Amino acid sequence: MAKASGTKSGKKSDKKSGKKSGKKSSSRSSDKAGTTSDAPAPADDLTARRDAAVELLRARPGLRVADVDARAKPGFDGSRTDGERALAKIGEDLSDLQERLYANGRTGGDRSVLLVLQGLDTAGKGGIVRHVLGLVDPQGVALRSFGVPTPEERRHHYLWRVRRALPPAGRIGVFDRSHYEDVLVARVDELVPPDVWRARYDEINRFEARVAAAGTTIVKVLLWVSPDEQYARLHERLDRPEKHWKYDPSDVDARLRRPAYEAAYQDVLDRTSTDVAPWYVVPADRKWYARLAVSALLHRALSDLDLGWPAATYDVSAERARLEATR
Ligand code: ATP
């Protein structure tokens, strides 16, 4: 990330020439969808800094989630204003990259991206959806929130509702909470016996491996908010009538169980951060930073798909001539 957070100076791609934004140099000139040839984009310093930030956020073995500094800004040394400016710039690239993904999905490509958002109450999942996914065409986003299972969902395996919500080809899927609730709240609130939730980590890993093998890039984000900041955000919800609807008395109960949630999140990171579906722990006390960080993660995931524009399936010159004949 760092100032300008990994965009190529935030410049817009030239759609007509088919030049890619993002980067990830590659000599590949076509993919399954039959895309136009793209000149490899050179790696640049901003991309390198984006990648460095992404690596800093990645959950590595040994990371103690309870020790994460929620006010930190890994990989970014700018101010809030710098961060907001960088987010706007990265948004231009994201929009272009998302359109490529969508276009490829419409023309036979099988790729998609799934952003899994987890976090304690008030961590800012909604803000990520609004401010990061809001930077791209909503037609290309498949958002699904996972709340307390409905009676119908309860009749099925816990992954049933998740499978049905996976993004189709060409989309960016966003899970606001996810199957991880089944090893978080289900464990902390003792909704199922320990042997049941313990068996789920491996099952989730197998599930995610299959999803990834089918063409979905999975990016899992844990937004990490400190107890003090959570207190302030809950307080604000009580103080401001227009935020009362966001307050849920059960948030205080969950807050009291923070140590149990920290232990549950620790196991999630230790047991389910895999090469095909890594976890990223994003400090979330500064909302602007968390949004910038997630935008960088998404940018990297989309850039790595290395998608060009789908080639025309018709004779462009002939069509141009036909069109001219209609004037
Ligand atoms: P949020 O708290 O995410 O901002 P919200 O307040 O609008 O969202 P809902 O989306 O209706 O609430 O539901 C979220 C709640 O559902 C959380 O308390 C979460 O723990 C709970 N939940 C999600 N999945 C499960 C599950 N599999 N089993 C039990 N509870 C779940």
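A. Region of the structure containing the overall build of the protein. Within the protein, the secondary structure is distributed over 12 helices and five strands. Sequence separation of 24 or more characterises 81% of the internal contacts of the protein that already satisfy a separation of 6 or more.

B. Looking closely at helix H1 (residues 45–57). Relative to the 18 Å expected for 13 residues at 1.5 Å per residue, H1 spans 19 Å between its end C-alpha atoms, a close match to the ideal helical length. Within H1, burial applies to Leu46, Thr47, Arg50, Asp51, Ala53, Val54 and Leu57. The buried residues of H1 occupy one face: seen down the axis, they fall within an arc of 160 degrees. Those residues of H1 that are buried are in contact with strand S5 (279–283) and helix H11 (287–305).

C. Main features of the site of the ligand. The full set close to the ligand counts 14 residues, and Gly147, Val148, Glu181, Asp182 and Val185 are the nearest of them. Here the shell around the ligand is built from residues that sort into six nonpolar, two polar and six charged.

D. Fine view of the nonpolar core. Formed by 63 residues in total, the largest nonpolar core has its most connected members in Leu115, Val221, Leu223, Trp224, Val281, Val282 and Leu297. For this core, the element with the most residues is H11, which contributes 12 residues.

E. Structural context of the pairing of strand S1 (residues 112–119). Of all eight residues that make up S1, eight are buried, and the element is covered over most of its length. The side-chain alternation of S1 yields two buried faces, one formed by Ser112, Leu114, Val116 and Gln118 and the other by Val113, Leu115, Leu117 and Gly119. Strand direction decides the pairing type here: S1 and strand S4 (residues 216–224), joined by eight bridges, are parallel. Paired with Leu114 across the bridge in S4 is Ile218. When S1 meets strand S3 (residues 172–176), the two strands line up parallel, connected through five bridges. Residue pairing across strands places Val113 opposite Ile172, the latter belonging to S3.

F. Layout of the pairing of S5. Burial analysis of S5 places five of its five residues in the buried class, the great majority of the element. Here S5 shows two buried faces, one formed by Trp279, Val281 and Pro283 and the other by Tyr280 and Val282. Here S4 runs beside S5; their pairing, made up of five bridges, is parallel. Its bridge partner lying in S5, Leu223 is registered against Val282.

G. Region of the structure containing the environment of Asp93. Following the sequence through the fold, Asp93 ends up in helix H2 (residues 80–106). Of the residues examined, Asp93 has 28 C-beta atoms within 10 Å and is grouped as buried. As a C-alpha pair, Asp93 and His299 span 206 residues in sequence and 7.6 Å in three-dimensional space.

H. Broad picture of the sheet that holds S4. Overall, parallel pairing links the five strands, which are arranged S2-S3-S1-S4-S5 in an open sheet. The two strands at the open ends of the sheet, each matched to only one other strand, are strand S2 (141–145) and S5. Strand-to-strand twist across the sheet, computed as the mean angle between neighbouring axes with direction ignored, equals 20 degrees.

I. Quick peek at the environment of Pro194. Looking at the secondary structure, you find Pro194 in helix H7 (residues 194–213). Here Pro194 falls in the exposed class, since 9 other C-beta atoms lie within 10 Å of it. C-alpha of Pro194 to C-alpha of Val183: the two residues are 11 residues apart in sequence and 9.6 Å apart in space.

Conventions adopted
Residues numbered from 1 in each chain as written. Predicted model: local features only at pLDDT ≥ 70, side-chain atom pairs only at ≥ 80, totals over all residues. Helix = DSSP H or I, 4+ residues; strand = E, 2+ residues; numbered from the N terminus. Contact = placed C-beta atoms within 7 Å. Expected span 1.5 Å × (residues − 1). Buried ≥ 20, exposed ≤ 12 C-beta atoms within 10 Å, placed from the backbone. Arc of directions from axis to C-beta. Near = placed C-beta within 6 Å. Nonpolar A, V, L, I, M, F, W, Y, C, P; charged D, E, K, R; others polar. Core = buried A, V, L, I, M, F, W, Y, C linked by C-beta atoms within 7 Å. Pairing = 2+ DSSP bridges. Axes fitted to C-alpha atoms, helices over the stretch in contact; angles between N-to-C directions.

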